[in-house]
Amino acid sequence: MIEIKPHRIGRCQVSVPGSKSYTHRTLIAAALSDGPCTVSNPLRSQDTLLTLAALVKMGAVVADHEQTVSIRGLNGRFKPCPEPVYLANSGTSMRLLAGVAALGQGTTILTGTPRMYHRPIAHLLTALNQLGIGARSVNGNGCPPVEIPGGQAAGGSVAINCSVSSQFLSSLLLMAPCTPKGMSITVSHGPVSRPYVDMTVDILERFGIRVQRDGYTRFDIDGGQTYRAGNYTVEPDASQAGYFWGAAAITGGSVTVKGVSIDSTQGDVGLVRVLEQMGCRVNHGAEGITVTGGELRAVTVDMADMPDMVPTLAVVAAFADGTTVIENVSHLKAKESDRLASTCAELKKMGIAAIAENDRLRVTGGAPGGASIETYDDHRIAMSFAMAGLMTPGVMIKEPQCVEKSFPNFWEVWETLYAG
């Protein structure tokens, strides 16, 4: 447990690590490439290292130099993987790898923690079955562990339900160019979190893959394409930047997150627009994006495309005048924790009126009081409620090490807010 000391931020600059979402996708694309790749500025976190270790088990040759990772690609075909691949509670690793594992030889089994065994993946398995791939949930409940047979990925036409996660679509997109027939993918429901689909398409195109699309409803990818080997750099993580922008909003300070651009395909950069609506000033400069806090007022906002930023926004809303309504976020129930319920519970503990409904969260601003914050082994709960401690004495974060999932040096970077 650590205590967050109150502090009014002046002006400061922070650097956040490489994007978690881009790191996962870039590592997978490099492993599928036709030769040696160098990935610069990768996020080194529990989740991304799990993906990297899985790719090694699946046959990729990797040299990890920390600031860079060298990967010799397997030209679209993974090797036999005789032992189960453990992915802890990394939903991104599980979902993205479940598709590309079908490009392997033999059967790949993907396992994880008890929480992972409650996270849905049935819609992706159904889509793989449509493609003639006998993927299955080992326990028959539509959740991991999953068994993915290799040698059956011919491609074809498929419909995918993305009402729970856009990662199901991203998984198909990543494997499609390596199939003989390619894929014609129709999205039957959703997708939620649409910017993450854009990220996947961006990675495909950077690696030389041709993608035809009709918005978010249809994607056509020719088969027999090759991921092009080369040097790739991961941009800073907009999701992690959000905690520092939120800190500025709450305290009235000014924080610049270096290297982040509003033009990024990372949807979470859109949080700055929401903070602007709430009364903050936002500046887009050459060094990065700066948020300066102001008199905060409540907003009603659709966060379907920024689900990871919901706990961040909810904590900021606790300090705003009025009731903030965060809409279209039912898919947060299937994250590392049920983020609607956990965010609501911890806000109530601080004396803030918060109501979690089926697909929305209502937060009425007030004067939050100190509390010991349960983190539910969820990195985003820990980092979001750290913001509250900058204004409220007595905020204690339990099990702070859970941030290692996505931002291992978060607490060190957090200290820079005190240094100014």
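This text goes with the structure placed above it.
What you are looking at is a predicted structure, and each value in this text was computed from that prediction instead of being measured. (Residues numbered from 1 in each chain as written. Predicted model: local features only at pLDDT ≥ 70, side-chain atom pairs only at ≥ 80, totals over all residues. Heavy atoms only, no water.)

Asks: Would you mind showing me how to read helix α9 (residues 310-317) here?
Replies: Burial runs high along α9: 8 of the 8 residues are buried. Those residues of α9 that sit buried are V310, P311, T312, L313, A314, V315, V316 and A317. (Buried < 20%, exposed > 50% of the residue type's maximum accessible area, 1.4 Å probe, protein only. Helix = DSSP H or I, 4+ residues; strand = E, 2+ residues; numbered from the N terminus.)

Asks: Mind showing me how you'd approach unusual backbone geometry here?
Replies: Note on backbone geometry: most residues besides glycine have negative phi, and most peptide bonds are trans. Of the consecutive residues P144 and P145, the connecting peptide bond is found in the cis state with omega at 5°. By the element assignment, P145 lies in the loop between β8 (136-137) and β9 (146-149). Positive phi, close to 55°, is recorded for S193, a residue that is not glycine. Among the structural elements, S193 can be located in the loop between β11 (182-189) and α6 (194-206). In this structure, D377 takes a positive phi of about 55° despite not being glycine. Here D377 lies in the loop between β22 (371-373) and α11 (379-388).

Asks: Explain the state of the cysteines here, please?
Replies: Two cysteines form a disulfide when their sulfur atoms are joined by a covalent bond. In this structure the tally under the stated criterion is 0 disulfides. Free cysteine C178: the closest other cysteine sulfur is in C37, separated by 12 Å. Note on C178: relative accessible area 8%, which makes it buried. Between C344, a cysteine without a disulfide, and C402, which holds the nearest cysteine sulfur, the sulfur-to-sulfur distance is 19 Å. (Disulfide = S-S within 2.5 Å.)

Asks: Would you explain the sheet that holds β9 in this entry?
Replies: Neighbouring strands of a sheet are bound in pairs by backbone hydrogen bonds; such pairs are parallel or else antiparallel. Here we have 4 strands laid out as an open sheet, ordered β6-β7-β9-β8, and mixed in their pairing. Here the strands that pair on one side only, and so sit at the sheet edges, are β6 (85-86) and β8. Pairing analysis gives 2 bridges linking β6 to strand β7 (residues 107-111), with the strands arranged parallel. The residue bridging Y86 from the neighbouring strand is T111, located in β7. (Pairing = 2+ DSSP bridges.)

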